[in-house]
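A closer look at the structure
Residue-level listing of the chains:
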Amino acid sequence: MSMASSSASTLSATQAATLSIGPHTVQPPVVLAPMAGITNAPFRTLCREFSGGKGLFVSEMITTRALVERNEKTMQLIHFDASETPRSIQLYGVDPATVGKAVRMIVEEDLADHIDLNFGCPVPKVTRKGGGSALPYKRNLLRAILREAVGGAGDLPVTMKMRKGIDDDHLTYLDAGRIAVQEGVTAIALHGRTTAQHYGGTADWDAIARLKDHVPEIPVLGNGDIWSADDAVRMMRETGCDGVVVGRGCLGRPWLFGDLVAAFEGRGEQARPTLREVAAVMVRHATLLGEWLGDEARGVIDFRKHVAWYLKGFSVGSEMRKRLAVTSSLAGLEAGLSELDLDQEWPAGADGPRGRTSGKNRVALPDGWLADPYECAGVGEDAELDTSGG
(Lines give C-alpha, C1' and ligand atoms only; values in the text may rest on other atoms or scores of the structure.)
Protein backbone atom coordinates (compact mmCIF):
# COMPACT_ATOMS: atom_id res chain seq x y z
CA MET A 1 0.00 0.00 0.00
CA SER A 2 1.52 3.30 -1.09
CA MET A 3 2.07 5.69 1.77
CA ALA A 4 2.39 9.43 1.56
CA SER A 5 4.01 11.66 4.10
CA SER A 6 1.44 14.34 4.71
CA SER A 7 0.35 17.07 7.02
CA ALA A 8 -1.92 14.66 8.83
CA SER A 9 -2.55 15.71 12.38
CA THR A 10 -1.24 13.57 15.18
CA LEU A 11 -1.97 13.33 18.87
CA SER A 12 0.61 13.27 21.59
CA ALA A 13 0.79 10.24 23.87
CA THR A 14 -0.98 12.17 26.62
CA GLN A 15 -3.78 13.29 24.33
CA ALA A 16 -4.33 9.82 22.88
CA ALA A 17 -5.03 8.16 26.20
CA THR A 18 -5.82 4.47 26.19
CA LEU A 19 -9.50 3.63 25.99
CA SER A 20 -10.75 0.97 28.39
CA ILE A 21 -13.94 -0.96 27.62
CA GLY A 22 -14.28 -2.96 30.79
CA PRO A 23 -11.22 -5.25 30.93
CA HIS A 24 -10.37 -4.58 27.28
CA THR A 25 -7.76 -2.03 26.29
CA VAL A 26 -8.44 -0.31 22.97
CA GLN A 27 -5.35 1.45 21.71
CA PRO A 28 -5.53 3.55 19.70
CA PRO A 29 -9.10 4.44 20.78
CA VAL A 30 -10.66 3.67 17.40
CA VAL A 31 -13.85 1.66 16.88
CA LEU A 32 -15.42 0.35 13.66
CA ALA A 33 -19.12 1.26 13.75
CA PRO A 34 -21.60 -1.55 13.14
CA MET A 35 -23.10 -1.15 9.65
CA ALA A 36 -25.81 -3.40 8.26
CA GLY A 37 -24.58 -5.52 5.38
CA ILE A 38 -21.06 -4.11 5.73
CA THR A 39 -19.27 -4.97 8.97
CA ASN A 40 -19.41 -8.73 8.60
CA ALA A 41 -16.42 -10.93 9.40
CA PRO A 42 -14.67 -10.40 6.01
CA PHE A 43 -14.78 -6.60 6.23
CA ARG A 44 -13.68 -6.65 9.86
CA THR A 45 -10.75 -8.86 8.80
CA LEU A 46 -9.68 -6.34 6.14
CA CYS A 47 -9.88 -3.39 8.52
CA ARG A 48 -7.99 -5.29 11.21
CA GLU A 49 -5.24 -6.22 8.78
CA PHE A 50 -4.67 -2.58 7.87
CA SER A 51 -4.68 -1.53 11.53
CA GLY A 52 -2.22 -4.22 12.54
CA GLY A 53 -4.88 -5.69 14.82
CA LYS A 54 -5.28 -2.46 16.77
CA GLY A 55 -8.71 -1.01 17.54
CA LEU A 56 -12.14 -2.47 18.21
CA PHE A 57 -14.27 -3.94 15.41
CA VAL A 58 -17.96 -4.46 16.08
CA SER A 59 -20.32 -6.90 14.37
CA GLU A 60 -23.35 -6.02 12.32
CA MET A 61 -26.50 -5.28 14.31
CA ILE A 62 -27.88 -8.48 15.83
CA THR A 63 -31.56 -8.59 16.69
CA THR A 64 -32.12 -10.01 20.17
CA ARG A 65 -35.25 -11.93 19.20
CA ALA A 66 -33.50 -13.52 16.21
CA LEU A 67 -30.55 -14.46 18.40
CA VAL A 68 -32.72 -16.03 21.09
CA GLU A 69 -34.63 -17.94 18.40
CA ARG A 70 -31.33 -19.01 16.79
CA ASN A 71 -32.21 -17.62 13.37
CA GLU A 72 -29.85 -19.19 10.82
CA LYS A 73 -28.69 -15.89 9.29
CA THR A 74 -28.16 -14.41 12.74
CA MET A 75 -26.07 -17.34 13.93
CA GLN A 76 -23.78 -16.82 10.92
CA LEU A 77 -23.48 -13.08 11.62
CA ILE A 78 -22.24 -13.71 15.16
CA HIS A 79 -19.41 -15.92 13.94
CA PHE A 80 -16.03 -14.38 14.70
CA ASP A 81 -12.71 -15.22 13.12
CA ALA A 82 -10.30 -16.90 15.51
CA SER A 83 -8.02 -13.87 15.33
CA GLU A 84 -10.71 -11.41 16.47
CA THR A 85 -10.21 -10.23 20.01
CA PRO A 86 -12.11 -8.89 21.75
CA ARG A 87 -15.22 -10.19 20.03
CA SER A 88 -17.81 -7.40 19.94
CA ILE A 89 -21.50 -7.93 19.24
CA GLN A 90 -24.00 -5.13 18.75
CA LEU A 91 -27.53 -5.98 19.86
CA TYR A 92 -30.80 -4.36 18.86
CA GLY A 93 -33.87 -4.90 20.99
CA VAL A 94 -36.90 -3.09 22.38
CA ASP A 95 -38.19 -5.64 24.89
CA PRO A 96 -36.21 -5.73 28.16
CA ALA A 97 -36.95 -9.42 28.77
CA THR A 98 -35.78 -10.45 25.28
CA VAL A 99 -32.66 -8.29 25.54
CA GLY A 100 -31.92 -9.94 28.89
CA LYS A 101 -32.32 -13.43 27.39
CA ALA A 102 -30.01 -12.55 24.49
CA VAL A 103 -27.33 -11.16 26.78
CA ARG A 104 -27.46 -14.21 29.06
CA MET A 105 -27.22 -16.47 26.00
CA ILE A 106 -24.08 -14.62 24.87
CA VAL A 107 -22.53 -15.02 28.32
CA GLU A 108 -23.51 -18.66 28.86
CA GLU A 109 -22.39 -19.79 25.40
CA ASP A 110 -19.28 -17.57 25.30
CA LEU A 111 -20.36 -15.89 22.07
CA ALA A 112 -18.64 -12.53 22.63
CA ASP A 113 -16.41 -10.51 24.94
CA HIS A 114 -18.24 -7.17 24.65
CA ILE A 115 -21.86 -6.19 24.06
CA ASP A 116 -22.92 -2.91 22.44
CA LEU A 117 -26.57 -1.85 22.42
CA ASN A 118 -28.02 -0.08 19.38
CA PHE A 119 -30.01 3.04 20.14
CA GLY A 120 -28.76 4.92 17.10
CA CYS A 121 -30.33 3.33 14.03
CA PRO A 122 -32.48 5.89 12.11
CA VAL A 123 -33.94 3.44 9.58
CA PRO A 124 -37.75 3.82 9.37
CA LYS A 125 -38.49 0.09 9.71
CA VAL A 126 -36.71 0.25 13.09
CA THR A 127 -37.96 3.59 14.43
CA ARG A 128 -41.51 2.92 13.27
CA LYS A 129 -41.65 0.17 15.90
CA GLY A 130 -40.07 2.31 18.60
CA GLY A 131 -36.58 0.91 18.23
CA GLY A 132 -33.16 2.29 17.41
CA SER A 133 -32.79 6.03 17.78
CA ALA A 134 -36.47 6.43 18.69
CA LEU A 135 -36.19 4.37 21.86
CA PRO A 136 -34.22 6.69 24.20
CA TYR A 137 -37.17 9.12 24.14
CA LYS A 138 -38.93 6.61 26.41
CA ARG A 139 -36.68 7.05 29.44
CA ASN A 140 -38.18 4.27 31.54
CA LEU A 141 -37.99 1.76 28.70
CA LEU A 142 -34.37 2.69 28.05
CA ARG A 143 -33.57 2.22 31.75
CA ALA A 144 -35.31 -1.17 31.84
CA ILE A 145 -33.38 -2.43 28.81
CA LEU A 146 -30.04 -1.23 30.16
CA ARG A 147 -30.76 -2.76 33.56
CA GLU A 148 -31.58 -6.16 32.02
CA ALA A 149 -28.53 -6.05 29.78
CA VAL A 150 -26.01 -5.02 32.43
CA GLY A 151 -27.55 -7.36 34.96
CA GLY A 152 -27.31 -10.34 32.62
CA ALA A 153 -23.87 -9.56 31.25
CA GLY A 154 -21.86 -10.55 34.30
CA ASP A 155 -18.25 -9.58 33.67
CA LEU A 156 -18.86 -8.60 30.05
CA PRO A 157 -18.83 -4.82 29.48
CA VAL A 158 -22.02 -3.32 28.04
CA THR A 159 -21.79 -0.14 25.95
CA MET A 160 -24.39 1.78 23.96
CA LYS A 161 -24.51 3.83 20.76
CA MET A 162 -27.08 6.57 20.34
CA ARG A 163 -27.98 9.77 18.50
CA LYS A 164 -28.75 13.23 19.86
CA GLY A 165 -32.48 12.55 19.81
CA ILE A 166 -35.43 12.25 17.48
CA ASP A 167 -35.20 15.84 16.23
CA ASP A 168 -34.07 19.22 17.54
CA ASP A 169 -37.27 19.53 19.59
CA HIS A 170 -36.86 16.09 21.17
CA LEU A 171 -33.23 15.75 22.23
CA THR A 172 -32.53 12.83 24.53
CA TYR A 173 -28.77 12.29 24.64
CA LEU A 174 -28.04 13.99 27.97
CA ASP A 175 -30.88 12.19 29.81
CA ALA A 176 -29.89 8.92 28.15
CA GLY A 177 -26.26 9.41 29.15
CA ARG A 178 -27.17 9.95 32.79
CA ILE A 179 -29.44 6.87 32.79
CA ALA A 180 -26.63 4.83 31.23
CA VAL A 181 -24.22 5.83 34.00
CA GLN A 182 -26.78 5.00 36.67
CA GLU A 183 -27.40 1.55 35.18
CA GLY A 184 -23.75 0.55 34.89
CA VAL A 185 -23.06 1.04 31.18
CA THR A 186 -19.31 1.00 30.50
CA ALA A 187 -19.09 3.58 27.69
CA ILE A 188 -21.30 5.60 25.33
CA ALA A 189 -20.86 6.42 21.66
CA LEU A 190 -22.75 9.46 20.36
CA HIS A 191 -23.49 10.09 16.70
CA GLY A 192 -23.83 13.86 16.52
CA ARG A 193 -27.03 13.81 14.47
CA THR A 194 -30.73 13.42 15.23
CA THR A 195 -32.92 10.72 13.75
CA ALA A 196 -34.53 13.36 11.53
CA GLN A 197 -31.16 14.22 10.03
CA HIS A 198 -30.55 10.59 9.09
CA TYR A 199 -27.10 10.94 7.47
CA GLY A 200 -27.59 14.44 6.09
CA GLY A 201 -26.19 17.76 7.13
CA THR A 202 -23.20 18.06 9.42
CA ALA A 203 -22.60 16.10 12.61
CA ASP A 204 -22.81 18.23 15.76
CA TRP A 205 -19.48 17.67 17.48
CA ASP A 206 -20.42 20.22 20.15
CA ALA A 207 -23.03 17.73 21.38
CA ILE A 208 -20.27 15.16 21.86
CA ALA A 209 -18.37 17.67 24.01
CA ARG A 210 -21.51 18.41 26.04
CA LEU A 211 -22.12 14.72 26.67
CA LYS A 212 -18.51 14.25 27.76
CA ASP A 213 -18.97 17.06 30.30
CA HIS A 214 -22.32 15.60 31.40
CA VAL A 215 -21.08 12.06 32.09
CA PRO A 216 -17.43 12.34 33.17
CA GLU A 217 -17.70 9.01 34.97
CA ILE A 218 -17.42 6.87 31.81
CA PRO A 219 -15.75 7.09 28.38
CA VAL A 220 -17.62 8.96 25.63
CA LEU A 221 -16.84 8.14 22.02
CA GLY A 222 -17.62 10.48 19.13
CA ASN A 223 -19.18 9.45 15.82
CA GLY A 224 -20.08 11.40 12.71
CA ASP A 225 -18.18 12.90 9.76
CA ILE A 226 -14.86 11.17 10.33
CA TRP A 227 -13.62 10.78 6.76
CA SER A 228 -9.89 10.84 7.48
CA ALA A 229 -7.38 10.45 10.28
CA ASP A 230 -7.20 14.24 10.43
CA ASP A 231 -10.92 14.34 11.22
CA ALA A 232 -10.52 11.82 14.03
CA VAL A 233 -7.68 13.76 15.63
CA ARG A 234 -9.62 17.01 15.30
CA MET A 235 -12.71 15.47 16.91
CA MET A 236 -10.67 14.28 19.88
CA ARG A 237 -9.10 17.70 20.32
CA GLU A 238 -12.28 19.73 19.87
CA THR A 239 -14.62 17.60 21.96
CA GLY A 240 -12.40 15.98 24.59
CA CYS A 241 -13.99 12.63 23.74
CA ASP A 242 -12.22 9.43 24.72
CA GLY A 243 -12.28 7.74 21.34
CA VAL A 244 -13.78 7.78 17.87
CA VAL A 245 -16.26 5.54 16.08
CA VAL A 246 -15.80 5.32 12.31
CA GLY A 247 -18.69 4.32 10.05
CA ARG A 248 -19.21 5.52 6.49
CA GLY A 249 -15.68 6.97 6.37
CA CYS A 250 -14.21 3.50 5.85
CA LEU A 251 -16.57 2.40 3.08
CA GLY A 252 -14.26 1.39 0.26
CA ARG A 253 -11.39 2.59 2.48
CA PRO A 254 -10.48 -0.19 4.94
CA TRP A 255 -6.93 1.21 4.98
CA LEU A 256 -8.30 4.21 6.89
CA PHE A 257 -7.67 2.18 10.04
CA GLY A 258 -3.96 2.13 9.21
CA ASP A 259 -4.07 5.92 8.85
CA LEU A 260 -5.83 6.20 12.21
CA VAL A 261 -3.26 4.06 13.98
CA ALA A 262 -0.45 6.14 12.45
CA ALA A 263 -2.05 9.42 13.54
CA PHE A 264 -2.71 8.27 17.09
CA GLU A 265 0.81 6.88 17.39
CA GLY A 266 2.31 10.20 16.33
CA ARG A 267 3.14 9.32 12.73
CA GLY A 268 1.73 11.38 9.87
CA GLU A 269 1.66 8.77 7.11
CA GLN A 270 -1.52 8.26 5.16
CA ALA A 271 -2.30 5.54 2.63
CA ARG A 272 -2.52 6.88 -0.91
CA PRO A 273 -3.00 3.69 -2.90
CA THR A 274 -2.76 3.50 -6.66
CA LEU A 275 -5.71 2.00 -8.50
CA ARG A 276 -3.67 -1.21 -8.84
CA GLU A 277 -3.42 -1.45 -5.05
CA VAL A 278 -7.11 -0.63 -4.64
CA ALA A 279 -8.00 -3.33 -7.18
CA ALA A 280 -6.01 -5.88 -5.19
CA VAL A 281 -7.92 -4.98 -2.03
CA MET A 282 -11.22 -5.26 -3.93
CA VAL A 283 -10.40 -8.78 -5.08
CA ARG A 284 -9.32 -9.80 -1.59
CA HIS A 285 -12.51 -8.38 -0.10
CA ALA A 286 -14.66 -10.29 -2.60
CA THR A 287 -12.63 -13.45 -2.02
CA LEU A 288 -13.08 -13.24 1.75
CA LEU A 289 -16.83 -12.77 1.31
CA GLY A 290 -17.02 -15.86 -0.89
CA GLU A 291 -15.12 -17.93 1.66
CA TRP A 292 -17.33 -16.65 4.46
CA LEU A 293 -20.56 -17.37 2.57
CA GLY A 294 -19.27 -20.67 1.23
CA ASP A 295 -20.00 -19.66 -2.36
CA GLU A 296 -17.84 -17.55 -4.68
CA ALA A 297 -20.75 -16.15 -6.68
CA ARG A 298 -22.65 -15.13 -3.55
CA GLY A 299 -19.50 -13.45 -2.25
CA VAL A 300 -18.97 -11.43 -5.43
CA ILE A 301 -22.64 -10.49 -5.60
CA ASP A 302 -22.50 -9.31 -1.98
CA PHE A 303 -19.37 -7.33 -2.85
CA ARG A 304 -21.11 -5.36 -5.61
CA LYS A 305 -22.33 -2.69 -3.17
CA HIS A 306 -18.69 -1.83 -2.39
CA VAL A 307 -17.53 -1.26 -6.00
CA ALA A 308 -18.50 2.42 -6.30
CA TRP A 309 -17.00 3.22 -2.88
CA TYR A 310 -13.64 1.70 -3.77
CA LEU A 311 -13.49 3.38 -7.17
CA LYS A 312 -14.61 6.83 -6.05
CA GLY A 313 -12.45 9.52 -7.64
CA PHE A 314 -10.63 7.24 -10.07
CA SER A 315 -11.08 7.56 -13.82
CA VAL A 316 -13.36 4.61 -14.58
CA GLY A 317 -15.89 4.85 -17.38
CA SER A 318 -19.59 4.49 -16.65
CA GLU A 319 -19.86 1.33 -18.75
CA MET A 320 -17.07 -0.34 -16.79
CA ARG A 321 -18.62 0.74 -13.50
CA LYS A 322 -21.88 -0.90 -14.59
CA ARG A 323 -20.06 -4.04 -15.70
CA LEU A 324 -18.21 -4.39 -12.40
CA ALA A 325 -21.44 -3.81 -10.51
CA VAL A 326 -23.12 -6.83 -12.12
CA THR A 327 -20.28 -9.34 -12.16
CA SER A 328 -20.79 -12.59 -10.26
CA SER A 329 -17.38 -14.27 -10.38
CA LEU A 330 -13.90 -13.46 -9.14
CA ALA A 331 -12.58 -14.04 -12.67
CA GLY A 332 -15.06 -11.50 -14.02
CA LEU A 333 -14.14 -8.99 -11.33
CA GLU A 334 -10.42 -9.43 -11.97
CA ALA A 335 -10.88 -9.26 -15.74
CA GLY A 336 -12.81 -6.00 -15.53
CA LEU A 337 -10.33 -4.42 -13.16
CA SER A 338 -7.41 -5.48 -15.36
CA GLU A 339 -8.78 -3.35 -18.22
CA LEU A 340 -8.49 -0.17 -16.17
CA ASP A 341 -5.53 2.19 -16.08
CA LEU A 342 -4.17 0.63 -12.91
CA ASP A 343 -1.26 3.05 -12.67
CA GLN A 344 -3.57 5.89 -11.68
CA GLU A 345 -2.38 7.68 -8.57
CA TRP A 346 -4.68 8.35 -5.64
CA PRO A 347 -7.07 11.02 -6.96
CA ALA A 348 -7.44 14.45 -5.39
CA GLY A 349 -10.79 14.72 -3.68
CA ALA A 350 -11.25 10.97 -3.25
CA ASP A 351 -11.65 11.40 0.48
CA GLY A 352 -14.87 12.77 1.87
CA PRO A 353 -18.48 11.62 2.21
CA ARG A 354 -19.50 8.18 1.04
CA GLY A 355 -22.63 6.15 1.59
CA ARG A 356 -26.04 7.63 2.29
CA THR A 357 -25.92 11.36 2.82
CA SER A 358 -29.46 12.61 2.20
CA GLY A 359 -31.28 13.98 5.21
CA LYS A 360 -34.83 12.96 6.01
CA ASN A 361 -37.17 15.25 7.86
CA ARG A 362 -40.09 13.07 8.86
CA VAL A 363 -39.31 10.35 11.39
CA ALA A 364 -41.41 7.20 11.36
CA LEU A 365 -42.64 6.60 14.93
CA PRO A 366 -45.36 4.54 16.60
CA ASP A 367 -48.67 6.39 17.02
CA GLY A 368 -48.56 8.70 20.03
CA TRP A 369 -44.87 8.00 20.69
CA LEU A 370 -44.04 11.61 21.56
CA ALA A 371 -47.01 12.13 23.88
CA ASP A 372 -45.17 10.99 27.01
CA PRO A 373 -41.39 10.58 27.37
CA TYR A 374 -41.80 8.07 30.19
CA GLU A 375 -44.83 5.92 29.44
CA CYS A 376 -43.84 2.99 27.22
CA ALA A 377 -47.02 1.00 26.88
CA GLY A 378 -47.60 -0.34 23.42
CA VAL A 379 -44.10 -1.52 22.67
CA GLY A 380 -44.54 -5.22 22.25
CA GLU A 381 -42.75 -8.21 20.76
CA ASP A 382 -43.76 -7.16 17.24
CA ALA A 383 -41.31 -4.28 17.57
CA GLU A 384 -38.46 -6.79 17.62
CA LEU A 385 -37.10 -7.40 14.15
CA ASP A 386 -36.97 -11.09 13.35
CA THR A 387 -33.82 -10.87 11.28
CA SER A 388 -30.41 -9.37 11.97
CA GLY A 389 -28.10 -7.14 10.00
CA GLY A 390 -30.41 -4.15 9.80
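From a predicted model like this one, the values you see are computed outputs, not experimental measurements.

Parameters and conventions
Residues numbered from 1 in each chain as written. Predicted model: local features only at pLDDT ≥ 70, side-chain atom pairs only at ≥ 80, totals over all residues. Heavy atoms only, no water. Buried < 20%, exposed > 50% of the residue type's maximum accessible area, 1.4 Å probe, protein only. Helix = DSSP H or I, 4+ residues; strand = E, 2+ residues; numbered from the N terminus. Arc of directions from axis to C-beta. Contact = heavy atoms within 4.5 Å. Polar contact = N/O pair within 3.5 Å; in protein donor to acceptor, adjacent residues only side chain to side chain. Axes fitted to C-alpha atoms, helices over the stretch in contact; angles between N-to-C directions. Parallel < 35°, antiparallel > 145°, perpendicular 65-115°, else oblique. Left-handed = near helix turned anticlockwise from the far one by under 90°. Nonpolar A, V, L, I, M, F, W, Y, C, P; charged D, E, K, R; others polar. Pairing = 2+ DSSP bridges. Salt bridge = Lys/Arg side-chain N within 4 Å of Asp/Glu carboxyl O.

1. Section: helix H12 (residues 296–303)
Looking only at H12, the buried set comprises Gly299, Val300 and Phe303. An end-on view of H12 places all buried positions within 95° of arc, on one side of the element. Considering only its buried residues, H12 is in contact with helix H11 (275–293), helix H13 (307–311) and helix H15 (330–338). For H12, the side-chain oxygen to backbone nitrogen distance between the N-cap and Ala297 is 3.0 Å, and the N-cap itself is Asp295.

2. Section: the packing of helix H4 (residues 96–108) against helix H6 (residues 139–153)
At a minimum axis separation of 8 Å, H4 and H6 run at an interaxial angle of 20°. Taken as axis vectors, H4 and H6 run roughly parallel relative to one another. Viewed along their axes, H4 and H6 form a crossing whose handedness is right-handed. For the pair formed by H4 and H6, the contact residues are Pro96, Val99, Gly100, Val103, Arg104 and Val107 on the first element and Leu141, Ala144, Ile145, Glu148, Ala149, Gly152 and Ala153 on the second. Residue classes in the contact of H4 with H6 are distributed as 9 nonpolar, 2 polar and 2 charged.

3. Section: the sheet that holds strand S9 (residues 187–191)
The strand order around the closed barrel formed by 8 strands is S4-S5-S6-S7-S8-S9-S10-S11, and the pairing between neighbours is parallel. For this sheet the average axis-to-axis angle between neighbouring strands, irrespective of direction, equals 25°. Summarising the sheet, strand S10 (residues 220–223) and strand S11 (residues 243–246) pair through 3 bridges and their orientation is parallel. Paired with Asn223 across the bridge in S11 is Val245. Against the sheet, H4 engages strand S6 (88–92) and strand S7 (114–119), with an angle of about 165° to S6.

4. With respect to the pattern of salt bridges
Counted under the stated rule, the structure contains 26 salt bridges. Salt-bridge contacts for Arg44 lead to Glu84; the nearest nitrogen and oxygen are separated by 2.7 Å. On the criterion of sequence distance, the pair formed by Arg44 in helix H1 (residues 41–51) and Glu84 in the loop between helix H3 (72–77) and S6 is long-range, its members being 40 residues apart. Accessibility expressed as a relative area gives 0% for Arg44, which makes it buried. Salt bridges sharing common partners tie together Arg44, Arg48, Asp81 and Glu84.

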